[in-house]
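Letter by letter, the chains look like this.
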Amino acid sequence: MPKLPLFLILIPFLPFLCTSFSPENPSSRRVLVLLDDLALKSSHSVYFKSLQSRGFELDFKLADDPKIGLQRYGQYLYDGLILFCPTTDRFGGSIDLAAILDFVDSGHDLIIAADNNASDLIREIATECGVDFDEDPAAMVIDHTSYAVSETEGDHTLIASDDFIKSNVLLGSEKIEAPVLFQGIGHSLSPANSLVLKVLSASPSAYSANPKSKLSNPPSLTGSAISLVSILQARNNARILISGSLVMFSNRFFRSGVQKAGTLTKHEKSSNEQFLTELSKWVFHERGHLKAVNVQHHKDGEADEPSMYRINDDLVYSVEIYEWSGRSWEPYVADDVQVQFYMMSPYVLKNLSTDKKGRYFTAFKVPDVYGVFQFKVEYQRLGYTSLSLSKQIPVRPYRHNEYERFIPAAYPYYGAAFSMMAGFFIFTAVHLYNK
Amino acid sequence: MAALETSKETILRYAFGNVLSFFILVLIGVLAFSIRLFSVIKYESVIHEFDPYFNYRVTQYLTKNGIYDFWNWFDDRTWYPLGRVIGGTVYPGLTLTAGTIWWLLSSLNIPLSVETVCVFTAPIFSAFASWATYLLTKEVKGAGAGLTAAALLAMVPSYISRSVAGSYDNEAVAIFALIFTFYLYIKTLNTGSLFYATLNAISYFYMVCSWGGYTFIINLIPMHVLLCIVTGRYSSRLYIAYAPLVVLGTLLASLVPVVGFNAVMTSEHFASFLVFIIIHVVALVYYIKGILSPKMFKVAVTFVVSIGLVVCGAALAVLIALVASSPTKGWSGRSLSLLDPTYASKYIPIIASVSEHQPPTWPSYFMDINVLAFLVPAGIIACFLPLSDASSFVILYIVTSVYFSGVMVRLMLVLAPAACIMSGIALSAAFDVFTRSIKFQLPGATENFERDAGETSSNSVVAQNDVAKTEKNEDAVKERPSKKNRKKEKENVEKPSVKSQIKKKLLILPLEASIIAIFLLVLLGAFYVVHCVWAAAEAYSAPSIVLTSHSHDGLHVFDDFREAYAWLSHNTEVDDKVASWWDYGYQTTAMANRTVIVDNNTWNNTHIATVGTAMSSPEKAAWEIFNSLDVKYVLVVFGGLVGYPSDDINKFLWMVRIGGGVFPHIKEPDYLRDGQYRIDSQATPTMLNCLMYKLSYYRFVETDGKAFDRVRRTEIGKKYFKLTHFEEVFTTHHWMVRIYKLKPLKNRIRGRAKKSKSKASSTTSTKRIGMKKKNPWH
């Protein structure tokens, strides 16, 4: 019985419990994992364990389970989705392409692992996110120079790649020493698409083709244009990881040693675990998620925010920026945050100085132009969520009584006017009474 | 004894005439007020059209925040993101007038809303204007002409069109100020009193406060002064009438923030300064002539003239240099289009695009001043018999205003008072002649003069006329008249005398002809009254914010504008920006209280051109322009469903022209097929893909299945299309206003791969398409 009141109390909070990345209640987050085969649960257990150890509640389901669904009564049941089901061409339950895209568009995160022979559905999801897998379903990424040395001289589809993106936000501050093992399908990104990023790219000698058949036409994807692992940060800050290989998440790859062809160093352990774990931290917003709060501006020497500034006023602008560390909001420290005082174009562009406790501030003079201005902070850095703050503030010209009463330069004119008046008075007196 | 009786009789007659004319004036005021109430009775008590909404909003601000805040008001809701300094860019006369009336009434504990006061300001001031007309015409040709002119002005359609109840625009008070300024000028000219000269400057100040048309005064009066000087009518009265006006008037005018230094810097005012110099030279010449012997004077004349020429030449050179240094030669575009009627359409599309800046057509003269057009020439002739300073001014007034009205429809309003004065003079002179002929031919007419006078109003007019003349003479005698004027006054003095009685007898027409002529004149007047009442009731009382149409199944009311503005004010955020063509800017800020990008105050051509360019661009480019201006909603007016002709598609070519004037990639020929503007299947692809076409005709085919546009009387060219960057959020009942929202940027960017054709994805995709299709098509 005591459980019921507790439940009733929790009902109002249900929306908060089930929304996407929410700063209020981030400690336990539910992730749906869709698998082709429940055997993956054990073969990829190291990866899942690392997620669970960080507080994620994983819900393993078969991809064609008829009872699965992402939302119920308009509320999302999960905060993230992992698709480890490359061959599924139809999900069970209420999940379909549109449902997954809506899931992303409402700010939830997604990890997709494809493979060669990936189904059209998985390809379609990837395409909607801006990632184009090689259209040949049997194609794999082949590299005859930087393959991973193994016992059997195979067809060089097992690739050891160390061409990472250089970003501490994405891959953690610890340097990745060993190459990452990859075996699967390659994809390409449109250069015009500014939202997707290549995290792990193939070497210049790689190409994408069917390893079983003879190469008749030149391969459509070649060289470092091939991306092996890509990430996408949507405009609503939903994060997506797309990998062309499911097996790179497996325990086998996590544990195996690696030696890149042509090099002599043999690493004890591949970097797959480090690489993918760090990336999953990024995908699930444990790193690189910024929030800006407490935007304040006021006149120099005053404390209250005015509804309007006057031209040439001195003002102080401040904003607090924090980064989510996985457990709490930590002050974000950087020296490249800028504020614009903007009306169709920036009239003032200033770097904000920080007190290292999250507060960024600057002081400047309002330009000598009236109009409706905006304080704009457009902070877009690789791997970080984009901060885009704008606050409208009108700037008025001087009031009629705010001008100088007497201008020194005009004293000759004042003198002229008054001497004229005096002269006229004297002239009148003389003219009238001096006859 | 007999003399005593006649003097008693005359006193009685004067008193009777004065009382009568007082009541006539009151009735004229009532007529002027009540003929303008058709709009309230037929529709409702609302503010009309576009500009009045802005004035109304400003007045509300004034009554709420007081005069200093109004003076310094920086409005951040218009011209986003530039904003507008209302206090410095608005003619404050109307607002201050209505604000004062409201304040007076509320301090007398008469609780009226600001809107009511604003609605009725124009009718009240038209009553004042007709009284001012009486005063002016009385100064020119006596009280009879004055009363006739006042009665004519009270119901002249041209003036009614700008001053019906609800038409809360500058012209409403400005016409009164214009006529009253002219009256005070003539009064000063007739009396030579410095008191009236000062009043004249103050009245001029009120006119400057009220309307940009004040430049008409400051050019017409110098012109008249120059005319007087050239025709040898210079007098000290002329000097007193003119010099204080220029000095005080210019000082006062430069106190109005919107005029400021323009009062001494722009060419519109230079004529007055030039004449100011000339009148001083002339005054000096007359003075020297007075103190020198004729021989010495000749020497002095050559001396002064040569010196004067040099000075004038130097001043002129400086002036020309000043004027030539400014790009528009010191003239503002609107004034230039007055002098050169083709100027605006050639160089400034934004001026040419306003229909009231176009030259009028001939029928509009018959519509707006009706029979006055025939009476004006007669009035001009009457003004020459005899030609006085005052009547020469009226002649000059009518001549210039006829010219200006021929350039710009809007200035028909300036012509109307002049035409009324002229017609009043003509009618009164005609009645004078005819009634006198009847009077002298009727037996015992001289004894029964009094009775005659009371019988008909026209007779009383004549009586009044005489009264006024004698009064004026008495006034004039007190002054020290100049040589020229003395001649005129002598004539006047002689009139009532026996000599003039004999002269009058010679001007007698046959009795029958006179009676018939009077009857015809009355008939003419009756036609005029019928026409004016019709014009007031039918043509000029529509508020244009609510439209009506009569059809076989009764009256239809189109209240779409207010519906749309109400939707905006209830369903959008307070700080949202609404883009529309500038015609609807004032209404959007006043009625929906939303920020607009451009409005009817056309001070920034580039900003308007930006909106014009967006409207004439394809969807994506337009989205980018609007997004850069932080626009959330786009509003278009579309009349194709109900046949409302002044919609955005009909105004669209102006958007192209104004946009193309600043952004050359918009080219007018791209929107025309063989020089023809069309929206049917022959239209150019640029036209069919521009934003205005798409926003106007989106889903239009659903209404009747054929997409037949009732304004352009054709089926539209492109019927089925989708919007990618805009979404329809509201369309009013008769589709007259359509509001669209800018879609946000896509959350994700799709890859290049084509949609695969496998079963699984095709079923899902068709499902999606099916779902999507449902939404926009209901």
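Residues numbered from 1 in each chain as written. Chains lettered and ligands numbered in written order. Predicted model: local features only at pLDDT ≥ 70, side-chain atom pairs only at ≥ 80, totals over all residues. Heavy atoms only, no water.

### Overview of the overall build of chain B
Scanning chain B from terminus to terminus reveals 37 helices and 11 strands. Sequence separation of 24 or more characterises 73% of the internal contacts of chain B that already satisfy a separation of 6 or more. With the model as given, the accessible surface of chain B reaches about 35200 Å², and the carbon-plus-sulfur share is 66%. (Helix = DSSP H or I, 4+ residues; strand = E, 2+ residues; numbered from the N terminus. Contact = heavy atoms within 4.5 Å. Areas by Shrake-Rupley, 256 points an atom, 1.4 Å probe, with all protein chains shown as cover.)

### Some remarks on the pairing of strand β25 (residues 387-396) of chain A
Residue and element names in this part refer to chain A. As paired elements, strand β17 (residues 309-310) and β25 share two bridges and run parallel to each other. Its bridge partner lying in β25, Arg310 is registered against Arg396. When strand β24 (residues 371-379) meets β25, the two strands line up antiparallel, connected through nine bridges. Bridged to Gly371 within β25 is Val395. (Pairing = 2+ DSSP bridges.)

### What about the pattern of salt bridges?
Residue and element names in this part refer to chain B. Enumeration over the complete set of coordinates arrives at 42 salt bridges over all chains. Lys694 is the salt-bridge partner of Glu619, the closest N and O atoms lying 3.3 Å from each other. Within this pair, whereas Glu619 is found in helix α32 (residues 619-628), its partner Lys694 is found in helix α35 (residues 691-697), the two being separated by 75 residues in sequence. Of the two residues examined, Glu619 and Lys694, each falls in the buried class. (Salt bridge = Lys/Arg side-chain N within 4 Å of Asp/Glu carboxyl O. Buried < 20%, exposed > 50% of the residue type's maximum accessible area, 1.4 Å probe, protein only.)

### Details of the domain arrangement of chain A
The domain architecture assigned to chain A consists of domain 1 (9-283), domain 2 (289-396) and domain 3 (404-435). For domain 2 of chain A and domain 3 of chain A, the distance between their C-alpha centres works out to 54 Å. (Domains from an automatic or database assignment.)

### Observations concerning the packing of helix α3 (residues 51-65) of chain B against helix α6 (residues 93-107) of chain B
A pair of packed helices can be characterised by two numbers: the angle between their axes and the separation between those axes. Residues and elements named next belong to chain B. As a packed pair, α3 and α6 sit with axes 9 Å apart at the nearest point and diverge in direction by 50°. Classified by the interaxial angle, the pair formed by α3 and α6 is oblique. The two elements α3 and α6 cross, and the hand of that crossing is right-handed. Here α3 contributes Asn55, Val58, Thr59, Leu62 and Thr63 to the contact with α6, which in turn contributes Leu94, Thr95, Leu96, Ala98, Gly99 and Trp102. Here the residues of the contact of α3 with α6 sort into six nonpolar, five polar and no charged. (Axes fitted to C-alpha atoms, helices over the stretch in contact; angles between N-to-C directions. Parallel < 35°, antiparallel > 145°, perpendicular 65-115°, else oblique. Left-handed = near helix turned anticlockwise from the far one by under 90°. Nonpolar A, V, L, I, M, F, W, Y, C, P; charged D, E, K, R; others polar.)

### Overview of the UniProt feature "transmembrane region" (unreviewed entry) in chain A
The positions UniProt marks with the feature "transmembrane region" (unreviewed entry) are residues 411-433 of chain A. Taken end to end, residues 411-433 of chain A is 100% helix and 0% strand, and its first and last C-alpha atoms sit 33 Å apart. (UniProt positions renumbered as here; feature names shortened; annotations may be inferred.)

### Things to note about the confidence of the model for chain A
Residue and element names in this part refer to chain A. Taken over all residues, the pLDDT of chain A has a mean of 85, while the share at 70 or more is 93%. No element of chain A has a lower mean pLDDT than helix α2 (residues 14-18), which averages 42, and none a higher one than helix α10 (residues 411-433), which averages 94. Low pLDDT (under 50) marks residues 10-20, which in the prediction has 14 contacts with non-local residues, meaning those over four places away or in another chain. (pLDDT = per-residue confidence, 0-100.)

### Quick word on a nonpolar patch on the surface
A cluster of nonpolar residues, Val19, Phe22, Phe23, Val26 and Val30 of chain B, forms a patch on the protein surface that exposes about 460 Å² of accessible area. As for its position among the elements, Val19 of chain B is in helix α1 (residues 2-34). (Patch = residues over 30% accessible without salt bridge, like charges linked within 9 Å, V, L, I, M, F, W, Y side chains within 5 Å.)

### Quick notes on the interface of chain A and chain B
Note: interface size is frequently given as the accessible area lost on complex formation between the parts. With 38 residues of chain A at the interface, the matching set in chain B holds 31 residues. Broken down residue by residue, the surface that chain A buries against chain B is led by Glu128, Arg235 and His400 of chain A, which jointly contribute 17%. Linking chain A with chain B are five salt bridges, by the criterion used here. Ionic pairing is found between Asp105 of chain A and Arg748 of chain B, a salt bridge with its closest N-O pair at 2.9 Å. Summed over the shared surface of chain A and chain B, the result is 15 residue pairs in polar contact (both at pLDDT 80 or more). Those elements that place two or more of their residues in the side of chain A that touches chain B are α5 (97-105), α6 (120-128), β11 (187-189), β24 and β25 of chain A. A breakdown of the residues in the side of chain A that touches chain B according to their chemical character gives 17 nonpolar, 11 polar and 10 charged. (Buried area = accessible area lost by both parts, 1.4 Å probe. Polar contact = N/O pair within 3.5 Å; in protein donor to acceptor, adjacent residues only side chain to side chain.)

### Quick look at the sheet that holds strand β20 (residues 338-343) of chain A
Taken in spatial order, the five strands of this open sheet run β17-β25-β24-β20-β21 (chain A), and their pairing is mixed. Where the open sheet ends on each side, the last strands, each with one partner, are β17 and β21 (345-351) of chain A.

### Considerations on unusual backbone geometry
All names here are of chain B. The omega torsion of the bond from Tyr80 to Pro81 falls at -5°, within 30 degrees of zero and hence cis. Pro386 follows Leu385 through a cis peptide bond whose omega is -10°. By secondary structure assignment, the location of Pro386 is in the loop between α21 (372-383) and α22 (389-407). Although it is not a glycine, Asp674 sits at a positive phi angle of roughly 55°. Position of Asp674 among the secondary structure elements: in the loop between α33 (648-662) and α34 (685-689). Here Asp674 falls in the exposed class, since its relative accessible area comes to 74%. A positive phi angle is found at Trp735, which is not glycine, with a value near 65°.

### Points about the packing of aromatic side chains
Residues and elements named next belong to chain B. Enumeration over the complete set of coordinates arrives at 61 aromatic pairs over all chains. With centroids separated by 5.6 Å and ring planes inclined at 70°, the aromatic side chains of Phe125 and Phe176 adopt a geometry described as edge-to-face. Of this pair, Phe125 sits in helix α7 (residues 114-141) while Phe176 sits in helix α10 (residues 170-191), and the two are 51 residues apart along the sequence. The exposure classification of Phe125 matches that of Phe176, with both residues buried. On the basis of an interplanar angle of 40° and a centroid distance of 6.1 Å, the ring pair of Phe366 and Phe374 is categorised as tilted. (Phe/Tyr/Trp six-rings, centres within 6.5 Å; stacked < 30°, edge-to-face > 60°.)

### A short note on the environment of Thr116 of chain B
Along the polypeptide, Thr116 of chain B turns up in helix α7. Taking C-alpha positions, Thr116 of chain B is 9.1 Å from Trp102 of chain B, a pair spaced 14 residues apart along the chain.

### Side note on the nonpolar core
Among the nonpolar cores identified, the biggest contains 263 residues, and Phe84, Met248 and Phe275 of chain A together with Phe182, Phe561, Phe626 and Phe726 of chain B are the most heavily contacted of them. With 16 residues, the top contributor of residues to this core is helix α23 (residues 412-441) of chain B. Residue contributions to this core reach at least three from each of two domains, namely domain 1 (9-283) and domain 2 (289-396) of chain A. In this structure, Phe626 of chain B is in contact with Ala579, Ala614, Met615, Val631, Val634, Leu691, Phe726 and Leu742 of chain B, ignoring residues within four places of it in sequence. Of all hydrophobic cores here, the second largest spans 37 residues; its members include Ile112, Ala118, Ile185 and Leu195 of chain A. (Core = buried A, V, L, I, M, F, W, Y, C linked by side-chain atoms within 4.5 Å.)

### Some words on α22 of chain B
Its 19 residues give α22 of chain B an end-to-end C-alpha distance of 28 Å, which sits within 8% of 27 Å, the value for a rise of 1.5 Å per residue. The element α22 of chain B is largely enclosed, with a buried count of 15 among its 19 residues. (Expected span 1.5 Å × (residues − 1).)

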